[in-house]
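# Overview (structure and organization)
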Amino acid sequence: MNSKNKLAEMPIRPLLYTMAVPLMLSLLIQSLYNIVDSIFVARLSETALTAASLVYAIQFLMIAIGVGTAVGLNALLSRKLGQKKPEEACRAATTGLFLMLGTSQVFTLVGLLFSNQIAAALTNDPDLQELCREYLSVNLVFCWGIFLQTYGQRLLQAVGDTVLSMISLIIGAVINIILDPIMIFGLLGCPAMGIRGAAIATVIGQLIGAAAALWFNRVKNPVIHVRLKGYRFLWQDVADIYRVGLPTIVMQAIGSVMTFAVNSILLGVSSTAVAFFGIYCKLQNFLMMPVNGLGQTAIPVVGFNYGSGQSDRVKQAWKVLLPTGVVFALCGTAVFLLFPAQLLGLFSASNEMLAFGVPALRIISVTFLFAVITILCGYFASGLGNGVVNMIGGALRQLVVLVPCLWLLIRTAGIDKAWFAFWVSEVVACAYSLWAVRKELRNKVK
């Protein structure tokens, strides 16, 4: 069964699961090598881990633009294939490549020209500034690896090939994990480069992963190809990509703003609090990767069947999506409730970090159910061509409600009670997202 027939004819539950599992594994591996980076960096010092946590906000912004553009492209390609317009899909894919390359060059220039200024904006501590600059400059200057890797993976996903997408990511992740200790600590004759070595290992893995993803598309993608001969740039393709992609970019960028804002608040408490929040973000990101894999799988499935007018299959996808996500959420909550000290121990947590970090992880874990529902609602709506639901849901849960509540609770109740801010923000975002998706279903899926 070719990829087009699979999206149109295969029963929805096995279709979602068979496509989602490779994507889940690939995203888990991607998140895992971020965690491995932090584990090795933590062995350098807590100061180095704090620097990596501060820089994460900037990295998140860069990734947000790449992922958002790719999500918009993925949704557009799936609709074009569902409408049986492969030539238009190829044109859109070529436009998407130019967008990715152009965006990566902007970040490269930022890295070359403004790394010192960004590091100074993140912290006033001179030692932290230097570590931030070392880590950040490498990630920004050589960012085109992550942009091209994301692009290549999304072309494969658009035609239902999540296995090759997974393999390309595994290749990059394995390279990164192997190089991390070698470059950080100076093994096998390599000079010890500390936190800069972690950044170099990351970008090398991304570049090799990008090469693999682009090669797989060249030799294995049966439908979508980049074609420069006869290519005609259309602003309509850009508009269609960013109709879904821009809200996703904003939603993802909100995560960057949230990380920066929360780090600024927590620096008033202690640098250990910042390091803890960085660890939490990495752990929560790892937990949410299966959910993101499931949601990203829903975009081409929903987009293809919505584009081809198969409303019953769209409704079936919604009925499969949410219960599956709830299972992941409950499993994650159980792990965080039962093993918080062990999770923090992976990062060489100090006694001070364990004292407030263990109860904090338990408090936050209660909200995972609401977070998963919000995330999956956003992906489902994106498949229907509406990226605004994703954006607003993300804004509510990560910024608009969370940051003011966290600031207020730290001021009035202390750091131990501040984490209840997550309860408020996640419930509000979940309620909005459910209402918005039900409205989309009523209006678009008859």
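Data block above holds the structure.
About the criteria used
Residues numbered from 1 in each chain as written. Predicted model: local features only at pLDDT ≥ 70, side-chain atom pairs only at ≥ 80, totals over all residues. Heavy atoms only, no water. Helix = DSSP H or I, 4+ residues; strand = E, 2+ residues; numbered from the N terminus. Buried < 20%, exposed > 50% of the residue type's maximum accessible area, 1.4 Å probe, protein only. Contact = heavy atoms within 4.5 Å. Areas by Shrake-Rupley, 256 points an atom, 1.4 Å probe, with all protein chains shown as cover. Lys, Arg positive; Asp, Glu negative; His and termini not counted. Charge placed at Lys NZ, Arg CZ, Asp CG, Glu CD. Axes fitted to C-alpha atoms, helices over the stretch in contact; angles between N-to-C directions. Parallel < 35°, antiparallel > 145°, perpendicular 65-115°, else oblique. Left-handed = near helix turned anticlockwise from the far one by under 90°. Nonpolar A, V, L, I, M, F, W, Y, C, P; charged D, E, K, R; others polar. Phe/Tyr/Trp six-rings, centres within 6.5 Å; stacked < 30°, edge-to-face > 60°. Patch = residues over 30% accessible without salt bridge, like charges linked within 9 Å, V, L, I, M, F, W, Y side chains within 5 Å. Salt bridge = Lys/Arg side-chain N within 4 Å of Asp/Glu carboxyl O. Disulfide = S-S within 2.5 Å. 1 Å grid on protein atoms, 1.4 Å probe; cavity = no way out; pocket = protein on both sides within 12 Å on 5 of 7 lines; lining within 4 Å. Points joined across faces, edges and corners; volume = space filled by probe spheres on them.

### Looking at the overall build of the chain
A count of helices and strands for the chain gives 18 helices and zero strands. With respect to the principal axes defined by its C-alpha atoms, the chain has extents near 60 × 50 × 35 Å. The proportion of buried residues among the 446 residues of the chain is 61%. Long-range pairs, those at least 24 residues apart, make up 82% of the contacts in the chain with a sequence separation of at least 6. Accessible surface computed for the chain: about 17000 Å², of which carbon and sulfur atoms make up 67%. Here the chain contributes 31 positively and 18 negatively charged side chains, and the mean placements of these two sets differ by 13 Å.

### Section: the packing of helix α3 (residues 46–82) against helix α6 (residues 144–158)
It is the contact of α3 with α6, at a shortest axis distance of 9 Å, that shows an interaxial angle of 20 degrees. In this view, α3 runs roughly parallel relative to α6, as classed from their interaxial angle. The way α3 lies across α6 gives a crossing that is right-handed. Contact residues: α3 offers M62, I65, G66, V67, A70, V71, L73, N74, L77, S78 and L81, while α6 offers F147, T150, Y151, R154, L155, Q157 and A158. Considered class by class, the residues forming the contact of α3 with α6 number twelve nonpolar, five polar and one charged.

### Re the packing of aromatic side chains
By the definition in use, this model includes 13 aromatic pairs. Taken together, a centroid distance of 6.0 Å and an interplanar angle of 35 degrees make the contact between F277 and Y280 tilted. Here Y280 and F277 lie together in helix α10 (residues 271–307), a separation of three residues that amounts to about one turn. Taken individually, F277 and Y280 each receive the classification buried, so the pair is uniform in this respect.

### Overview of the environment of F233
Of note, F233 is situated in the loop between α8 (194–220) and α9 (235–267). Sequence separation between F233 and T94 is 139 residues; the distance between their C-alpha atoms is 8.7 Å. Other than its neighbours up to four places away in sequence, F233 contacts T95 and V238.

### Section: the packing of α3 against helix α4 (residues 86–122)
Viewed as axis vectors pointing N to C, α3 and α4 meet at an angle of 175 degrees, and their least axial separation amounts to 10 Å. Considering their axes alone, α3 and α4 lie roughly antiparallel with respect to each other. Residues of the contact of α3 with α4, tallied by class, amount to 20 nonpolar, four polar and two charged.

### Observations regarding the environment of G383
Its location among the elements puts G383 in helix α14 (residues 368–383). In this structure the C-alpha to C-alpha distance between G383 and G303, which are 80 residues apart in sequence, comes to 4.5 Å. Among residues more than four places away in sequence, those in contact with G383 are I299, V302, G303 and Y306.

### Observations concerning a nonpolar patch on the surface
Residues V335, L337, L338, F339, V366, W423, V424 and V428 make up a contiguous nonpolar surface patch of about 650 Å² in total accessible area. Position of V335 among the secondary structure elements: in helix α11 (residues 311–338).

### Some thoughts on the state of the cysteines
Within this structure, the stated rule accounts for zero disulfides. You can see C143 has no disulfide; the closest cysteine sulfur is in C132, sitting 18 Å from it. Overall, C143 belongs to the buried group, its relative accessible area being 0%. Here C430 stays free of any disulfide, with the sulfur of C377 as its closest cysteine sulfur at 6.8 Å. The exposure class of C430 is buried, given its relative accessible area of 6%.

### What to know about the layout of surface pockets
Looking at the largest pocket, its volume works out to about 280 Å³. Forming the walls of the largest pocket are 13 residues, and the residues nearest its centre are L28, L283, F286, L287 and V335. At the level of secondary structure, the elements contributing two or more residues to the lining of the largest pocket comprise α2 (12–44), α10 and α11. In terms of residue count, the dominant contributor to the lining of the largest pocket is α11 (five residues). Grouping the amino acids of the lining of the largest pocket by side-chain chemistry returns twelve nonpolar, one polar and no charged. Estimates place the volume of the second largest pocket at around 220 Å³. Lining of the second largest pocket is provided by L97, Y151, L155, L214, W215, N217, R218, I224, H225 and V226. With four residues, α8 is the largest single contributor of residues to the lining of the second largest pocket. In terms of residue class, the lining of the second largest pocket is built from seven nonpolar, two polar and one charged.

Interpretation note: all reported values are geometric properties and have no functional meaning in isolation.
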